[in-house]
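If you want the building blocks of each chain, they are given just below.
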Amino acid sequence: MRPAVTKSNEPPANNSSETPYNAVRLIADLPPCGRAPPATPESASRSRTPQAARGTDKTRVLVVEDESDIAGLIKHTLERGGDAWVEVAQSGDQALKLSSEQPPDLIILDLNLPDGDGVELCRRIRKTSDVPILMLTARDEDVDKIIGLEVGADDYLTKPFNPRELVARVKSVLRRSS
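Calculation notes
Residues numbered from 1 in each chain as written. Predicted model: local features only at pLDDT ≥ 70, side-chain atom pairs only at ≥ 80, totals over all residues. Heavy atoms only, no water. Helix = DSSP H or I, 4+ residues; strand = E, 2+ residues; numbered from the N terminus. Buried < 20%, exposed > 50% of the residue type's maximum accessible area, 1.4 Å probe, protein only. Contact = heavy atoms within 4.5 Å. Expected span 1.5 Å × (residues − 1). Arc of directions from axis to C-beta. Pairing = 2+ DSSP bridges. Polar contact = N/O pair within 3.5 Å; in protein donor to acceptor, adjacent residues only side chain to side chain. Axes fitted to C-alpha atoms, helices over the stretch in contact; angles between N-to-C directions. Right-handed = clockwise from strand over helix to strand, strands pointing away.

Attention shifts here to the overall build of the chain. Of the regular secondary structure elements, the chain holds seven helices and seven strands. Ordering the α and β elements of the chain from the N terminus gives α-α-β-α-β-α-β-β-β-α-β-α-β-α. In the chain, which comprises 178 residues, the share counted as buried stands at 46%. At a minimum sequence separation of 6, the contacts of the chain that also span at least 24 residues come to 63%.

Next up on the list: helix α3 (residues 68–79). Compared with an ideal rise of 1.5 Å per residue, which puts 12 residues at 16 Å, α3 spans 16 Å between its outermost C-alpha atoms and is within 8% of the ideal. Three or more residues of α3 are buried, namely I70, A71, L73, I74, T77 and L78. Each buried residue of α3 lies within a common arc of 160 degrees when the element is viewed along its axis, so the set occupies one face.

With that settled, the discussion passes to the pairing of strand β3 (residues 106–109). Side-chain alternation along β3 places L106 and I108 on one buried face and I107 and L109 on a second face that is also buried. Taken together, the four bridges between strand β1 (residues 59–64) and β3 define a ladder with parallel strand orientation. Bridge pairing links V64 to L109 in β3. Sheet topology places β3 next to strand β6 (residues 133–137); three bridges connect them, and they run parallel. Paired with L109 across the bridge in β6 is M135.

On to unusual backbone geometry. Geometrically, the link from K159 to P160 is a cis peptide bond, its omega value of -5 degrees lying close to zero. Within the element layout of this structure, P160 appears in the loop between β7 (155–158) and α7 (163–177).

Next up on the list: helix α4 (residues 92–101). Inspection of α4 places G92, A95, L98 and S99 among the buried residues, and these make up the whole buried set. Seen from one end, α4 has its buried residues packed into an arc of 125 degrees, which puts them on one side. With respect to the buried face of α4, the exposed residues turned more than 90 degrees away are D93, K97, S100 and E101. Lining the buried residues of α4 we find β1, β2 (84–89), β4 (112–113) and α5 (118–128). The opening residue of α4 is S91, an N-cap whose side-chain oxygen sits 3.1 Å from the backbone nitrogen of Q94.

Okay, the sheet that holds β1 next. Strand order in the open sheet formed by five strands is β2-β1-β3-β6-β7, with parallel pairing between adjacent strands. Sheet topology places β2 and β7 at the edges, where each strand pairs with a single neighbour. Sheet twist, expressed as the mean angle between neighbouring strand axes with direction ignored, is 20 degrees. Sheet analysis places β6 next to β7, joined by four bridges and oriented parallel. Considered in β7, the bridge of L134 is made with D155. In the packing of α5 onto the sheet, contacts are made with β1, β3 and β6, and the angle to β6 comes to roughly 175 degrees. Sheet strands in contact with helix α6 (residues 142–150) are β6 and β7, and its direction is about 150 degrees off that of β7.

Next up on the list: the side chain of D155. Structurally, D155 can be placed in strand β7. Excluding residues that lie within four positions of it along the chain, D155 makes contacts with I133, L134, M135, L149, R169, V173 and R176.

Okay, the pairing of β6 next. Summarising burial for β6: five of the five residues are buried, a large majority. Burial of the side chains of β6 extends over both faces: I133, M135 and T137 are buried on one face and L134 and L136 on the other. In this view, the connection linking β6 to its parallel neighbour β7 by way of α6 has right-handed handedness.

Written out as structure tokens, the structure is:
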């Protein structure tokens, strides 16, 4: 059984494997988030290495999540190592605007958004960009996973999720995309 993400700051009452929502103690011993290798002059203009244009070694992650508690956990988890800079969009329209202004190195995308479906947003992003996309969603049916991967997601993780697994998947997706 995977640890669950809960909204409590109190330890689980039954000593189960639930992860407190402030999962700091789980991630304290993790190495920093993965980052793309330094860009060469030829790759600086490609969409996979926008950090080269920004002049920073930090990996820019765009989290598209309308639940502020979960978005905050993701942001804290990825920024804790110091190698990631996380920006949060709470809607599909806001995500498109932010990603066009400054292309991210990775998008973490929820499928249940207030202004539309994350699958359609993934399709729209894929029309103009090959940025890695990790879908992080409560939709856990096999058909949802298959559709997500077929429309262009590079990985798929279901809620509730373990912050350690999220970090590992982010590193994996970034490693494969570099």
